Amino acid sequence: MTTDLVVVLDADGRALRGRAPKLASEQLTAIYDAMVRSRVLDEGASELGPDELSHYEPTHGREAIDVGATFALQDSDWIVPRKHQPAALLARGVLFEELANAWLGKIEDPTMGRQLPGHYSFRSANFLSTSSTAGSHLSHAVGAGIGARARGDDTVFLTFCDVQGTSSNDFHAGLNLAAVHKAPVVFVVEHAPWEASERETASATIAAKGAAYGIPGVRVDGHDVLAVYRACREAVDRARRGDGPTLVEACTWLTDGDTPAWRCEDPIKRFEQHLAHQKLWDAAIGQRHFDTATAELAEAIALARTAGDPDTESLFDDVFMNLSPQLREQRRELARTATTTTIQP
Amino acid sequence: MTATETRPGVKVMTMIEAISDALRTEMKNDDRVVVFGEDVGPKGGVFGATAGLHEEFGETRCFDTPLSECGIVGAGVGMAVYGMRPVAEIQFLDFIYPAFDQIVSEAAKMRYRSGGEYTCPMVIRSPYGGGIRGGHYHSQSSEAYFCHTPGLKVVIPSTPADAKGLLISSIRDEDPVMFLEPKKIYRHGKGEVPLGEHTVPLGRARIARAGTDVTLLAYGAMVPVCEAAADAAAEQGRSVEVVDLRTLVPLDEQTIVESVKKTGRCVVVYEAPKTCGYGAELAAILAEKCIEYLEGPVVRVAGFDTPFPYTLEHLYMPDEKRVLAGIDKTFAW
């Protein structure tokens, strides 16, 4: 089953002949830095207690997927995320400070502290607001793609889900509609080992499901950031050309022969080896990336802790564009009884 | 089109023609408006609401989708967040439930959960209600589910002119709107409809008929039933006010409360199952806001708490006789 797998880097980080994508050394370094920041973010999260950070799903082990796929986009392209994808945001240049505000639900959080941590929304990064459900966002990417084409834009929409997401109604609805309308969408399924795949599907691969919709299905080594980049870049280019969607299965669950096995591999280590071959990395350089990120995150968390909570009256904002008479009345009622409030009755 | 022009700027139309006119008007007015759903393209929709739009505006502005309600609404959410003005059609409200998650948890929550970064200005049009011998899967009135959802507006017209004006306002609205069309009166009773630009603001009820003794609160296909009941009651010397809510969310409480303060009696008429229907909310509002003006109980005349029947549909649907009986109850005190 591994023969059809897109691989760029071998186990020692050497690019297979003719497979390495054309990326400048600054881009390679930026990809590395985003992966490092994501790893540092995981470590920072583990140091916060549940009172501060109620909810966190580590990215550890799948940095190559979120970062490699995101780097395949242009800045004007959109990400329609699943939950817990800070690595994609870091790849788009979102700061630790912004993520920390979102974690702690502070006033500076773009979502005004209205969502659980990990459910990010960053318009500044063309990163759509995140739902908790496994697949309902997939058709949003498709509709946005149909809308962009109707407007004459060449925007491409990158969307992610996990294996559980492939069981959702919306996976079928989204892929089918995307295929019928040749929507400019790249679907990336993160096939991770902690998802009990046999419970979710009897299909040997997720990529095989593409054939049923009449779209290409590609399997890629999810520990190999250049392979993810390469496969997604081809899919993005295809979408932008008007040739329709692609299903990309990024595997961190690979089968060797008949035995499914979690190849416990660190995508950052493999990429470091590659960068070392390119003379772009050594242990000291790596340490500098980690140290800088660690210091920046500590500062960001400290800052977020001092930031205020959202205003009381913001509870009623953004239900609709304008307050309805009913919401205005409920806001007045709260103002009469709340012990701490900024609302004028 | 069977519509006929009576005087300049106005045409006599059925409700379905007025809806079609509203879609055409807004598609001409705003190239972000996109109409899609099952069979809305070349076929023109199951009731003909989108007839001719595909031909006039082309495939990118009016197109068919696969038969998947969650896909239709989900795609609409994506179009809306990207900056389009999607108008989705769900063939019958009875079929909307697969899209419930998309409506309740996605469309209705997008503005709030993103702190206003992303919005979802989409309209979901769907024929609803009984009276067409449609059985359980072509007759339901499930408006209350949507009224219970923060972030959704719910609009129900009862006349051709309102259908056009409210639909245009819904398309221009910055928030998601459930636009529920009383299919029983799609082609019953024509009315004058202004040509071209015509808007009716959301959140304003209409006094369909002024009266002094009792208020009937209704919407959609129950408005003409209430008007007929008002005629009959007048023969018994009772002056009946009929208030057409027009939008259930946001609700024009002021008009309702003022009417009931004036008449002192109220019957709420709706064709959905009685328990936890929209009429329960209206009764609660009246109890909170003007109980001291009431001279009798607020009476609900509604559908029954049964699935919608086929053969016995005429017994299920509130009719003039049941509304009159409801009026009698408010006078029995």
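The structure presented is a predicted model; accordingly, all values stated were derived computationally and were not measured.

(A) Summary view of the overall build of chain A. A tally of regular secondary structure across chain A gives 12 helices and 8 strands. Its C-alpha atoms give chain A principal-axis dimensions of roughly 70 × 50 × 40 Å. The 345 residues of chain A split such that 55% are buried. Taking the intrachain contacts of chain A between residues at least 6 apart in sequence as the baseline, contacts between residues at least 24 apart amount to 75%. Summed over its atoms, the accessible surface of chain A is roughly 14,400 Å², and 49% of this surface lies on carbon and sulfur atoms.

(B) Looking closely at the domain arrangement of chain B. Residues and elements named next belong to chain B. What the domain assignment lists for chain B is domain 1 (4-194) and domain 2 (206-331). Taking the mean C-alpha position of each, domain 1 and domain 2 sit 26 Å from one another. Contacts between the two partners involve 27 residues from domain 1 and, on the opposite side, 25 residues from domain 2. Summed over both sides, the interface between domain 1 and domain 2 buries roughly 2,000 Å², with carbon and sulfur atoms accounting for 59% of that surface. Among the residues of domain 1 in contact with domain 2, Arg-133, Ile-156 and Ser-158 are the three that bury the most area, contributing 24% of the side total. Our enumeration of links across domain 1 and domain 2 arrives at 2 salt bridges. A salt bridge links Arg-206 to Asp-162; the nearest nitrogen and oxygen atoms lie 3.5 Å apart. Counting every contact that joins domain 1 to domain 2 gives 14 residue pairs in polar contact (both at pLDDT 80 or more). Going through the elements one at a time, α6 (143-147), β7 (153-155) and α7 (160-172) are the ones with two or more residues in the side of domain 1 that touches domain 2.

(C) Structural view of the interface of chain A and chain B. Residue-level contacts link 46 residues of chain A with 41 residues of chain B. For the pairing of chain A and chain B, the buried interface totals around 3,500 Å² over both sides, and the portion due to carbon and sulfur atoms is 60%. Three residues stand out in chain A for area buried against chain B, namely Arg-123, His-140 and Phe-320 of chain A, and they jointly supply 17% of the buried area on that side. Inspection of the region where chain A meets chain B yields 1 salt bridge. As a salt-bridge pair, Lys-289 of chain B and Glu-329 of chain A come within 2.9 Å of each other at their nearest N and O atoms. Our enumeration of links across chain A and chain B arrives at 21 residue pairs in polar contact (both at pLDDT 80 or more). Looking at the side of chain A that touches chain B, the elements with two or more residues in it are α5 (138-151), α6 (169-180) and α12 (325-337) of chain A. Among the elements that take part in the side of chain A that touches chain B, α5 of chain A stands out by supplying 9 residues, more than any other.

(D) Examining the pairing of strand β6 (residues 123-128) of chain B more closely. All names here are of chain B. Counting buried residues along β6, 6 of its 6 residues qualify, which places the element largely inside the surrounding structure. Alternating residues of β6 divide into Val-123, Arg-125 and Pro-127 and Ile-124, Ser-126 and Tyr-128, and every residue in both groups is buried. Looking at chain direction, strand β5 (residues 85-89) and β6 are connected through 3 bridges and run parallel. Paired with Val-87 across the two strands is Val-123, which belongs to β6. Of the strand pairs in this sheet, β6 and strand β8 (residues 177-182) are connected by 6 bridges, and their pairing is parallel.

(E) Layout of the side chain of Asp-66 of chain A. Within the secondary structure, Asp-66 of chain A is located in helix α2 (residues 63-71). Each residue touching Asp-66 of chain A, except ones within four places of it in the same chain, is listed here: Thr-59, His-84, Gln-85, Ala-87, Ala-88, Phe-160 and Glu-190 of chain A.

(F) Local environment of the domain arrangement of chain A. All names here are of chain A. Domain assignment breaks chain A into domain 1 (2-310) and domain 2 (311-345). On a C-alpha basis, the centroid separation for the pair domain 1 and domain 2 is 38 Å. Taken residue by residue, the interface counts 5 residues in domain 1 and 5 residues in domain 2. Of the roughly 340 Å² buried between domain 1 and domain 2, counting both surfaces, carbon and sulfur atoms make up 35%. Contact with domain 2 buries area across many residues of domain 1, yet Met-112, Arg-114 and Pro-310 alone supply 88% of it, more than any other trio. Counting across the interface, domain 1 meets domain 2 through 1 salt bridge. Here Arg-114 ties to Asp-318 by a salt bridge, and the two come within 2.8 Å at their closest N and O atoms. Residues that form the side of domain 1 that touches domain 2 fall into these classes: 3 nonpolar, no polar and 2 charged.

(G) Spatial organisation of the sheet that holds strand β4 (residues 185-191) of chain A. Residue and element names in this part refer to chain A. Strand order in the open sheet formed by 6 strands is β1-β5-β6-β4-β3-β2, with parallel pairing between adjacent strands. Edge positions in the sheet fall to β1 (5-6) and β2 (78-80), since each has one partner strand and no second. With 2 bridges joining them, β1 and strand β5 (residues 217-221) adopt parallel strand pairing. From the neighbouring strand, Val-6 faces β5, where its bridge partner is Val-220. Packing of α2 onto the sheet brings it into contact with β2, β3 (157-162), β4 and β6 (246-251), and relative to β3 it is tilted by some 165°.

About the cut-offs
Position numbers for residues start from 1 in each chain and track the written sequence from start to end. As they are written, the chains are lettered A onward and the ligands numbered 1 onward, keeping that order. Residue-level local features of this predicted model are given only where pLDDT is at least 70; pairs of side-chain atoms are given and counted only at 80 or more, and the full residue set underlies all totals for whole chains, interfaces and linings. Side-chain figures throughout are based on the complete set of non-hydrogen atoms in the structure, without hydrogens or water. Helix numbers and strand numbers start at the N terminus; a helix is a DSSP run of H or I with at least 4 residues, a strand a run of E with at least 2. Burial classes follow relative accessibility: with a 1.4 Å probe on protein chains only, a residue under 20% of its type's maximum area counts as buried, one over 50% as exposed, and anything between as partly exposed. Whether two residues are in contact is decided by their heavy atoms: any pair within 4.5 Å suffices. Values of accessible area rely on a 1.4 Å probe in the Shrake-Rupley scheme; residue burial ignores everything except the protein chains shown. Domain delimitation in this document rests on an assignment produced automatically or drawn from a domain database. By convention, the term buried area covers the 1.4 Å-probe accessible surface removed from two parts as they join, with the contributions of both added. Salt bridges are defined as contacts in which a side-chain nitrogen from Lys or Arg sits within 4 Å of a carboxyl oxygen from Asp or Glu. Any pair of N or O atoms that falls within 3.5 Å is considered a polar contact. Within protein, one atom must be able to donate a hydrogen and the other to accept it, and sequence-neighbouring residues count only if both atoms are side-chain atoms. A pair of strands counts as paired when DSSP detects no fewer than two bridges linking them. Under the scheme applied here, ten amino acids are nonpolar (Ala, Val, Leu, Ile, Met, Phe, Trp, Tyr, Cys and Pro), four are charged (Asp, Glu, Lys and Arg), and all others, including Gly, are polar. Here an axis means a line fitted to C-alpha atoms, over the contact stretch when the element is a helix, while the angle between two N-to-C directions is reported on a 0 to 180 degree scale.

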